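# Residue-level structural notes
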Amino acid sequence: KEMNPFVNISILENDTNRKINNDGDNNIVDDGKMLSDDIIKKFSTIVVTNIRSYTYINTLSDRCHKLGVHFIAADVYGVFGWLFCDFGDHFNSSNKPHNRSDYHGYDPPDFDPSFHIASDLHFLPFQDSIMHSTSSPSPNNDNIHTFDESKMNRSSLWLPLVRALLIYKEHHHGTFLGSAATKTKQHDAAALEILATIQSFHYHPLTEDDLSYLRPIILAYISCARDGGGACLPPMCALFGGLVCQQVITAITGGRYEPVHQWLFHEAAELLPRNFLSIDGINNYDVNNDDQSSSSHNPHIAIFGRGFQQRIREARVFITEANAIGCEILNIMASMGFCCDVDGGMGKITIVDSRKIERQHLATNMFIRTSDLDLPRSQAVCRTLRHLYPSLRITALSPRFKHESESPY
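Throughout what follows, the structure given in this document is the object of discussion. (Residues numbered from 1 in each chain as written. Predicted model: local features only at pLDDT ≥ 70, side-chain atom pairs only at ≥ 80, totals over all residues. Heavy atoms only, no water.)

Attention now moves to the environment of Val 317. For Val 317, the location among the structural elements is in strand E10 (residues 316-320). Along the sequence, Val 317 and Ile 394 sit 77 residues apart, while their C-alpha atoms lie 9.4 Å from each other. Residues contacting Val 317, with those up to four places away along its chain left out, are Met 333, Phe 338, Cys 339, Lys 348, Ile 349 and Thr 350. (Helix = DSSP H or I, 4+ residues; strand = E, 2+ residues; numbered from the N terminus. Contact = heavy atoms within 4.5 Å.)

Our next topic: the sheet that holds E10. Backbone-to-backbone hydrogen bonds join strands into a sheet, with any given pair of strands oriented parallel or antiparallel. Read from one edge of the open sheet, three strands run E10-E11-E12, paired in parallel fashion. One side of each edge strand has no neighbouring strand; the edge strands of this open sheet are E10 and strand E12 (394-397). The sheet shows a mean angle of 15° between the axes of neighbouring strands, taken without regard to direction. Relative to strand E11 (residues 348-352), E10 is paired through five bridges, and the arrangement is parallel. Across the sheet, Ile 319 pairs through a bridge with Ile 351, a residue of E11. Taken strand by strand, helix H11 (residues 324-336) contacts E10, E11 and E12, and its axis lies near 160° from that of E10. (Pairing = 2+ DSSP bridges. Axes fitted to C-alpha atoms, helices over the stretch in contact; angles between N-to-C directions.)

Enumeration according to the criterion identifies 14 aromatic pairs in this entry. Centre to centre, the rings of Phe 80 and Phe 265 are 6.0 Å apart; their planes meet at 20°, and the pair counts as stacked. Taken as a pair, Phe 80 in strand E5 (residues 80-86) and Phe 265 in strand E9 (residues 263-267) lie far apart in primary sequence, 185 residues in all. Phe 265 matches Phe 80 in its accessibility class, with the two residues each being buried. Here the aromatic rings of Trp 158 and Phe 265 are separated by 5.2 Å at their centres, their planes lie at 35°, and the arrangement is tilted. In this pair, Trp 158 is assigned in helix H4 (residues 155-171) and Phe 265 in strand E9, connecting sequence segments 107 residues apart. Each member of the pair, Trp 158 as well as Phe 265, is classed as buried. Taken together, the ring pairs connect Tyr 54, Phe 71, Tyr 77, Phe 80, Trp 82, Phe 84, Phe 126, Trp 158, Tyr 221, Trp 263 and Phe 265 into an aromatic cluster. (Phe/Tyr/Trp six-rings, centres within 6.5 Å; stacked < 30°, edge-to-face > 60°. Buried < 20%, exposed > 50% of the residue type's maximum accessible area, 1.4 Å probe, protein only.)

Between its first and last C-alpha, helix H2 (residues 54-67) extends 20 Å over 14 residues, near the 20 Å set by a 1.5 Å rise per residue. Residues of H2 that are buried: Tyr 54, Tyr 56, Ile 57, Asn 58, Leu 60, Ser 61, Arg 63, Cys 64 and His 65. Downstream of H2 by one or two residues, Gly 68 has phi in the positive range, about 75°. (Expected span 1.5 Å × (residues − 1).)

Moving on: the pattern of salt bridges. Evaluated as defined, the whole model comprises nine salt bridges. Linking Arg 377 and Glu 321 is a salt bridge whose minimum nitrogen-to-oxygen distance equals 2.9 Å. Within this pair, whereas Arg 377 is found in helix H12 (residues 377-388), its partner Glu 321 is found in the loop between E10 and H11, the two being separated by 56 residues in sequence. Since its relative accessible area comes to 32%, Glu 321 is described here as partly exposed. (Salt bridge = Lys/Arg side-chain N within 4 Å of Asp/Glu carboxyl O.)

Our focus in this paragraph is the environment of Ile 319. Examined against the element boundaries, Ile 319 turns out to sit in strand E10. Once you skip the residues sitting within four places of it in the chain, Ile 319 turns out to touch Ile 329, Leu 330, Met 333, Ile 349, Thr 350, Ile 351 and Val 352.

Now the structure itself:
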């Protein structure tokens, strides 16, 4: 509400993921009944994240499917993320032409039916979709998508991996080893349990090549997901957050756009440090070995090491235009700890933007408010970022960035 007062937001009072028992401990509600049918039917679309129970997501997905409510689930596991959509038994994505009146005076080009092939898509609930894609010697991967087609040869492993991670979390009360995850043996024991579960769901025995592919992804997640928290790398979260928003728009606009059908995966295992799997490497990246375990940057330290975190603290970054994409970049960098004045970090972000804030900017820029109208955009964005990230070293400049104004830069 503070960022955009025009958005109507309400809070569902009962916690949909947890309940408190008589001893005051947090336990996972895994029966999928915390949302009644009456509550579910109030919404056209339900989005679920930070999923901590396989039983919970199965049950909730089935109930949404039966009630005709669009269901979207997404999660990020370190360098691996996934998105699932269930838009019902028959979702027509014919991309039919819009009414001209929808454009409020803008005259769109004529609709070209050859640009998009009409399709009537059949969606399955969460568990049915997994079973449909993994229960035969020649699995049907028509409902599995990724940004990097070169990795589609691994697609048969992704659904068993998601299923195994959720089952592990359910069996271990929604956490990965908790704060006790300080020993390499504990990492390996958890990884072996997850790999055994993957094997039980995979039609063919896992090969050495499969194991060498899965193990670093699993260990990267285990290393930075502790105390029930997610392995939240801001760039991955930003990517999947944008994808979820696209799918919500697709769901509520009645088939004007093509949805993800049904799974979309992305993994960036190539970003892991080369020595991550070695004993020395895992010990180096395990943030619980020192007194910095309360840092909000733990996921990055756990995967990439303290040296990486120190380098981005010392970075000097120059950004032109505090527009919509510029502010998304700034938000990701700030949340990762770029130019953070911690432990003597001397890095700095410099923003240059000579434009003044207009009302049209309010809809696309997360860091400006109605009270900022007519102020220099760089200064307003800089002030908001300092408020959100007090340790961020950031400077705003207003002169236009061109040859004549070279000296201030």
